[in-house]
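Coordinate inspection notes
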Amino acid sequence: MGAGFGVGAASRLPWVTVLVLAIDTATPVLVVGVARVDETVSTLAERRVPTARGHAEVLSGLVLDCLAEADVARSALEAVVVGCGPGPFTGLRVGMASAAAFADALGLPAVGVCSLDAIVAGCADAQRGTALAVTDARRREIYWARYADGVRTDGPAVQAPAVLADDLDRPDTVVGSPDHAGLLGLTAHPDTEAPTVAGLVTAAREALADDRAPEPLVPLYLRRPDAVERARP
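Residues numbered from 1 in each chain as written. Predicted model: local features only at pLDDT ≥ 70, side-chain atom pairs only at ≥ 80, totals over all residues. Heavy atoms only, no water.

1. Observations concerning the environment of Asp 65
Mapped onto the elements, Asp 65 comes out in helix H2 (residues 55-70). On a C-alpha basis, the gap between Asp 65 and Glu 46 in space is 9.1 Å, while along the polypeptide they are 19 residues apart. (Helix = DSSP H or I, 4+ residues; strand = E, 2+ residues; numbered from the N terminus.)

Take a look at the structure:
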């Protein structure tokens, strides 16, 4: 990244503006949007489409829709931010491959963030005190992470709800899937089932501010394999 690109530089130089494409496919809600970063993060366009499957069929079209609505040319983008999960294999693969392809085609850095961190970053109430983020891991399990004042202190991990409930201090705020929070006897903050564009970009601010090349995108599957190699005799 060139000098003055990073979010940290933008906070020191208010006239510097960074335009970011954000994508997340870690939950049953496909999230795509464009944000402007200067002293704050402003969402210019956002699409949130409930689709547990079929991300690949609609994602590219949503990116183009958001760019048109935000009146941002692809050549004006300066970074791509993508949620790296935890999430199911197929959904994550589609989102992360698409983000990497956009970034590579446009010569942009691709920054990965934990999708649970992005959910917390997009909820003001979760920034204060203790918070728990939970999403659907399928197979009667949940993905979860704990936070204190917006900073992750435990997780992400995958567990059965009953196992997690046995070792769970009641948090001040719960975000994520309302159905899976209910399995823990908790109530999720409304409208936090999936990350927001602002939450994704906010979670990436530190990496965007770093002039070094971002870390490679690594998916957070956290899932035990369905099949394991038979032990040799």
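2. Focus on the packing of aromatic side chains
Counted according to the given criterion, the structure contains one aromatic pair. Arranged with centres 5.0 Å apart and planes meeting at 40 degrees, the rings of Phe 89 and Tyr 221 form a pair that is tilted. You can see Phe 89 sitting in helix H3 (residues 89-106) and its partner Tyr 221 sitting in the segment after helix H8 (205-209), a full 132 residues away along the chain. The exposure class assigned to Phe 89 is partly exposed, which follows from its relative accessible area of 45%. (Phe/Tyr/Trp six-rings, centres within 6.5 Å; stacked < 30°, edge-to-face > 60°. Buried < 20%, exposed > 50% of the residue type's maximum accessible area, 1.4 Å probe, protein only.)

3. As for the environment of Leu 64
As for its placement among the helices and strands, Leu 64 is situated in helix H2. Note on Leu 64: relative accessible area 46%, which makes it partly exposed. For the pair Leu 64 and Gly 33, spaced 31 residues apart in sequence, the C-alpha to C-alpha distance is 9.6 Å.

4. Description of the side chain of Ser 115
Note that Ser 115 resides in helix H4 (residues 115-121). Look past the residues within four positions of Ser 115 in its chain and what remains in contact with it is Asp 24, Ala 26, Gly 83, Cys 84, Gly 85 and Pro 195. (Contact = heavy atoms within 4.5 Å.)

5. Thoughts on the confidence of the model for the protein
For the protein, the average pLDDT comes to 88, and 87% of its residues sit at 70 or higher. Taken as a whole, residues 1-15 scores under 50 in pLDDT and shows 25 contacts with residues more than four places along the chain or in a different chain. pLDDT under 50 marks residues 225-231. Its contacts with residues more than four places away, or in other chains, come to one contact. (pLDDT = per-residue confidence, 0-100.)

6. Observations regarding the packing of H2 against H3
Their axes nearest at 10 Å, the elements H2 and H3 cross at an angle of 35 degrees. Pair H2 / H3 crosses with right-handed handedness. Residue-level inspection shows His 55, Ala 56, Leu 59, Ser 60 and Val 63 of H2 in contact with H3, the latter providing Gly 91, Val 94, Gly 95, Ser 98 and Phe 102. Its residues assigned to classes, the contact of H2 with H3 shows five nonpolar, five polar and no charged. (Axes fitted to C-alpha atoms, helices over the stretch in contact; angles between N-to-C directions. Left-handed = near helix turned anticlockwise from the far one by under 90°. Nonpolar A, V, L, I, M, F, W, Y, C, P; charged D, E, K, R; others polar.)

7. Structural notes on the sheet that holds strand E7 (residues 141-148)
Taken in spatial order, the four strands make up an open sheet running E8-E7-E6-E9, and their pairing is mixed. Here the strands that pair on one side only, and so sit at the sheet edges, are strand E8 (151-159) and strand E9 (173-176). Neighbour to neighbour, the strand axes of the sheet diverge by 20 degrees on average, direction disregarded. In the sheet, strand E6 (residues 130-138) pairs with E9 via four bridges, with the strands oriented parallel. Residue pairing for E9: Leu 132 is matched across the bridge by Val 174. (Pairing = 2+ DSSP bridges.)

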